[in-house]
Amino acid sequence: MIFKSFNNKTFKNTPYYDRLPEGEREVFDILSTVFHFKANNYVLEHLINWDEVPEDPIYKLIFPRKEMLSAFDFEHLKQLFQLGMDAKTRNSFVQAVRKKMHPEVKHADTGYPEMDGKIITGAYRNFPTILNLFPDPMVKTCHAYCSYCFRWVAFDNVEAQKKTAYRDPYDPIPYLKANPEITDVLFTGADPLVLTASKIKEYIDPVLEIESVQVIRFNSKALAWWPYRFTTDKDAEPLLELFEYIQSKGKHLNFCAHFTHARELENDVVKEAIQRIRQTGAVIRCQGPLVKGINDTPKDLIALWKHQIANGLVPYYLFVEADHNPESCFRVPLAEALRVFQEAQKETSGLARTVRGPVFMNDLNRVLLDGVTEINGEKYFVLKSLQSPPETDGEGKIKLIPYDEHTKSAGDLFELFKEEKVPLAQMH
Ligand code: SF4
């Protein structure tokens, strides 16, 4: 299969646009002017079940939904369409709406590594042993866009990309050398595996020379959105050779695959892609969010984990969907998320117990929603910090917050786990 990409304009020339129910067509026309839309021929032809649209989970995973905008903004945009305004005239309102929708991603100032008094652009360190790297070519795009992605502001936005990515592959190297406690280097962005193997190698090679770095990690949804990347694409072999090359340098290659729904693992091509990656010696660990209307039942999670185990993958994290979007419509109430996760765990093989969840993951903390407890007749959610920023002492700590059946928020997790480190001198 040859890769064909569709944006909000070219999608309308496909027969699938005509298959959208009328109301959905209108939602697509309106919302795809605000949010970036990208699909490809594999997703359209082999993943979405068009007989089930709009309820199909993969359709929901790709296509924007009405609730992503406030009712006011949606109606306003709808009126502009009904008045027959052209794209240019609508643009100022669209830009204003986009601006309002900018996700507020909370960063710890201390997460930006510095060297000789200068911040290293394109690097972020929220945990002591991991450095996240955003090479400029890796932050551009993915094989398709997920409706719930909060990184959409950076797509097609050269300014945003410049501020958050680095160009010279040697930029983070002095910092890595000066901080040998960093053992894991994570290449992320949008999807790093969209790039050619030779371009990826340019950025990896300098890191491979650092002895203290033991793990190279990629976060990618390529297996779900475009498995041909590892099978018949002309750059498939060079990419697999790169995976072997990384390991020949004595590094562990951790391929973190983003899967949301069992359907993404059902086609033969994805199974073949997985086998080819595993044959290189790489370990594939799976993570993804729990998303309302897509995978929020025990049945969905059981099917997802069963497919992962059957294909030799390691279930890793089930995240609580981010709440960066103020009108967030993807997050499941915490009580429900916990119930779904726990019920699913009871019915799966012990091998699926490697998955941790539901886990809040932001740029500051990794916090597990570990259960519900009752003290003096009052119910509480139990939260456990799995990882915290290096300047705090929150890691491993347990906190209780009042139980609320309907809440979708655990409050400010940074504040909750912001325990100051006690200097060693004061401990004696
Ligand atoms: S693959 Fe990842 S970065 Fe790309 S749109 Fe989906 S969630 Fe966002």
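Residues numbered from 1 in each chain as written. Predicted model: local features only at pLDDT ≥ 70, side-chain atom pairs only at ≥ 80, totals over all residues. Heavy atoms only, no water.

## Examining the overall build of the protein chain
(1) Moving on: Along the protein chain, the regular secondary structure elements total 15 helices and 15 strands.
(2) Moving on: Against the globule reference of 22 Å for 428 residues, the protein chain gives a C-alpha radius of gyration of 22 Å, in line with a compact fold.
(3) Moving on: Seen through its C-alpha atoms, the protein chain measures out along the principal axes to roughly 75 × 60 × 50 Å.
(4) Moving on: For the protein chain, with 428 residues in total, the buried portion stands at 54%. (Helix = DSSP H or I, 4+ residues; strand = E, 2+ residues; numbered from the N terminus. Rg over C-alpha atoms; globule rule 2.2 N^0.38 Å. Buried < 20%, exposed > 50% of the residue type's maximum accessible area, 1.4 Å probe, protein only.)

## A short note on the site of the ligand
(1) Moving on: If you check the shell around the ligand, you find Cys 142, Tyr 145, Cys 146, Cys 149, Phe 155, Ala 190, Lys 221 and His 258 and nothing else.
(2) Moving on: Considered class by class, the residues forming the shell around the ligand number six nonpolar, one polar and one charged. (Near = heavy atom within 4 Å. Nonpolar A, V, L, I, M, F, W, Y, C, P; charged D, E, K, R; others polar.)

## As for the domain arrangement of the protein chain
(1) Moving on: Domain assignment breaks the protein chain into domain 1 (5-101) and domain 2 (109-372).
(2) Moving on: Computed from C-alpha atoms alone, the centre-to-centre distance between domain 1 and domain 2 is 26 Å.
(3) Moving on: Across the boundary between the two partners, domain 1 contributes 30 residues, which contact 31 residues of domain 2.
(4) Moving on: For the pair domain 1 and domain 2, the interface holds one salt bridge.
(5) Moving on: Ionic pairing is found between Asp 56 and Arg 263, a salt bridge with its closest N-O pair at 2.8 Å.
(6) Moving on: Counting every contact that joins domain 1 to domain 2 gives 13 residue pairs in polar contact (both at pLDDT 80 or more).
(7) Moving on: When residues of the side of domain 1 that touches domain 2 are traced back to their parent elements, those giving at least two are β2 (39-40), α3 (41-47), α4 (57-62) and α6 (87-101).
(8) Moving on: Among the residues making up the side of domain 1 that touches domain 2, the classes are represented as 17 nonpolar, six polar and seven charged. (Domains from an automatic or database assignment. Contact = heavy atoms within 4.5 Å. Salt bridge = Lys/Arg side-chain N within 4 Å of Asp/Glu carboxyl O. Polar contact = N/O pair within 3.5 Å; in protein donor to acceptor, adjacent residues only side chain to side chain.)

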